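Reading the structure
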Amino acid sequence: MPMEQGFFSTGLPYLAFGTGTPLVYLSDFTMTHTVPRPGAQRVAAARLVRPFVSAGYRVFWTNRRPGMVPGTTMGEIAGEHAAALREQFGRPVPVVAHGTGGSVALQLAVDHPTGVISRLVLAGAAHALGPVGRRFHRDMLAAAERGRSAMHRAAPAITRDPLLRGLLVVPLWIAGRFDRPPADHSDMKAMLLAEDAFDVHDRLHRVAVPVLVVWGARDHLWPTEMFRQTADAIPGAKGIEYQRAGHSVVSRADFFRDATAFLKAA
């Protein structure tokens, strides 16, 4: 796929894949606010967006701004995204957002209900962070302060199956040995703190664009009820639950099928 690396006007880094109608993909949590490195990380990002490229979109895989200061609010982060997208595209664009990117997208849709987003696909994200997600955030931040990884604590976020969680601890611990947090983890800390304080449930009625909320029944970061509450509180929103999916719902073929159909609906 044709690919271009760059920055939006407010400093948000992106990788643009393909040609066609612009579509912004807001990524899940990353330890650094950079684009995926060449190699396995970039291949994984390309795999996530390829079906949208095939559907005729030019996909801007987007991360948060590097150099974020701890204490930055989700509202300020959403404001940076609104300014960037308005200047880059000059009109509302479709947005697909996963995990932490979904939190940013919901804040964006609440604070800037018109002129930025045309249609929103919200994947594995809700109006606030779930209780398991909050504990995992605290674990990651505490480990980063000691220069260590908390990857082995991600097992509850991957599956609800207690046997499988036990089997995942060792490989995740090994993976964490090769993916330690950076020495300067201020971006990571700023985003974790901002998302921990994020909650727009009482303002979801302000969302004025069509929204599709999709989630996996096995996503343990949020109780299933929180996804349903989010879909129910957004005017006209549609919700889809995939029974055999977890947090990585965006890698499923049926997700691409449902998301693309929603984005192309009149």
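Everything in this summary refers to the structure shown in the same document. (Residues numbered from 1 in each chain as written. Predicted model: local features only at pLDDT ≥ 70, side-chain atom pairs only at ≥ 80, totals over all residues. Heavy atoms only, no water.)

Considering the sheet that holds strand β2 (residues 13-17)
Our working definition: For two strands to count as paired, DSSP must find a minimum of two bridges between them. Labels follow the DSSP assignment, with helices taken as runs of H or I lasting at least four residues and strands as runs of E lasting at least two, numbered in each case from the N terminus. Throughout, an axis means a line fitted to C-alpha atoms (over the contacting stretch in the case of helices), and angles, computed between N-to-C directions, take values from 0 to 180 degrees. By the convention used here, residues are in contact when the closest approach between their heavy atoms is within 4.5 Å.
Ordered in space as β1-β2-β4-β3-β5-β6-β7-β8, the eight strands form an open sheet in which the pairing is mixed. Of all the strands in the sheet, just β1 (3-7) and β8 (238-242) have a single pairing partner and so form its edges. Neighbour-to-neighbour, the strand axes of the sheet open up by a mean angle of 20 degrees, direction not taken into account. The strands that helix α1 (residues 40-54) touches are β1, β2, β3 (21-26), β4 (57-62) and β5 (93-98); relative to β4, the one it contacts most, it runs at about 145 degrees. Taken strand by strand, helix α8 (residues 224-233) contacts β6 (117-123), β7 (211-216) and β8, and its axis lies near 175 degrees from that of β7.

Examining the pairing of β2
Defined as follows: Throughout, exposure labels follow a simple rule: accessible area from a 1.4 Å probe, protein chains only, divided by the maximum for the residue type, with under 20% read as buried, over 50% as exposed, and the rest as partly exposed.
Within β2, five of the five residues are buried, leaving the element largely enclosed by the surrounding structure. The alternating pattern of β2 places P13, L15 and F17 on one face and Y14 and A16 on the opposite face, and all of these are buried. Here β1 folds back onto β2, and the loop between the two strands holds five residues, one of which, G11, carries a positive phi near 95 degrees. Where β2 lies against β4, four bridges are found, and the strand directions are antiparallel. Bridging from a neighbouring strand, L15 pairs with W61 of β4.

Things to note about α1
The criterion, for reference: Each residue after the first adds 1.5 Å to the expected span of a helix. One axis is fitted to the seven residues ending at the residue and one to the seven starting there. The bend at that residue is the angle between these axes.
Between the first and last C-alpha of α1 there are 21 Å, a value that for 15 residues agrees with the 21 Å anticipated at 1.5 Å per step. The largest bend in α1 comes to about 40 degrees, at L48, with the proline P51 one to four residues further on. Here the buried face of α1 lies against β1, β2, β3, β4, β5 and α9 (253-264). At the exit of α1 stands G56, carrying a positive phi of roughly 105 degrees.

A few points about helix α2 (residues 74-89)
Taking 1.5 Å per residue as the helical rise, α2 with its 16 residues ought to reach 22 Å, and the 22 Å between its terminal C-alpha atoms agrees with that figure. Buried residues along α2 sit against β3, β4, β5, α3 (100-111) and α7 (186-196). Positive phi shows up at G90, right after α2, with a value of about 70 degrees.

Remarks on the pairing of β1
As defined by bridge partners, β1 adjoins β2 across five bridges and the pair is classed as antiparallel. Following the sheet pairing, G6 is matched in β2 by Y14.

Observations regarding the side chain of R42
What counts here: Under the counting rule used here, the positive set is Lys and Arg, the negative set is Asp and Glu, and His together with the chain ends is not counted. A side-chain nitrogen of Lys or Arg and a carboxyl oxygen of Asp or Glu constitute a salt bridge if their distance falls within 4 Å. Polar contacts, as counted here, are pairs of nitrogen or oxygen atoms within 3.5 Å of one another; within protein the pair requires one atom able to donate a hydrogen and one able to accept it, and residues that are adjacent in sequence qualify only if both atoms are side-chain atoms.
You can see R42 is positioned in helix α1. No salt bridge forms around the buried R42; measuring N to O, its nearest opposite-charge neighbour E4 is 12 Å away. Of note is the side chain of R42, whose polar atom sits 3.4 Å from the side chain of Q5. Setting aside anything within four residues of it in sequence, one finds R42 in contact with M3, Q5, L15, V35, P36 and R37.

Quick word on the nonpolar core
So the rule is basically this: Here the nonpolar core consists of buried residues drawn from Ala, Val, Leu, Ile, Met, Phe, Trp, Tyr and Cys, with membership extended through side-chain atoms lying within 4.5 Å.
F8, L85, I117, L120 and V207 are the most contacted members of the largest nonpolar core, which totals 55 residues. Setting aside chain neighbours within four positions, we find V207 in contact with A109, V110, I234 and P235. With 28 residues, the next largest nonpolar core counts L15, V35, V49 and V249 among its residues.

A closer look at the packing of α2 against α3
Each pair of packed helices can be summarised by the angle the axes make with each other and by the distance between the axes. Formally: Angle categories: roughly parallel below 35 degrees, roughly antiparallel above 145, roughly perpendicular from 65 to 115, and oblique for all the rest. Three classes are used: nonpolar for Ala, Val, Leu, Ile, Met, Phe, Trp, Tyr, Cys and Pro, charged for Asp, Glu, Lys and Arg, and polar for all others, with Gly counted as polar.
For the pair α2 and α3, the least separation of the axes is 9 Å and the interaxial angle reads 75 degrees. Judged on the interaxial angle alone, α3 and α2 are roughly perpendicular. Only S103, V104, Q107, L108 and D111 of α3 make contact with α2, whose side of the interface consists of M74, G75, I77, A78, H81, A82 and L85. When its residues are assigned to classes, the contact of α2 with α3 shows seven nonpolar, four polar and one charged.

Such coordinate-based values are descriptive only and should not be taken to indicate function.
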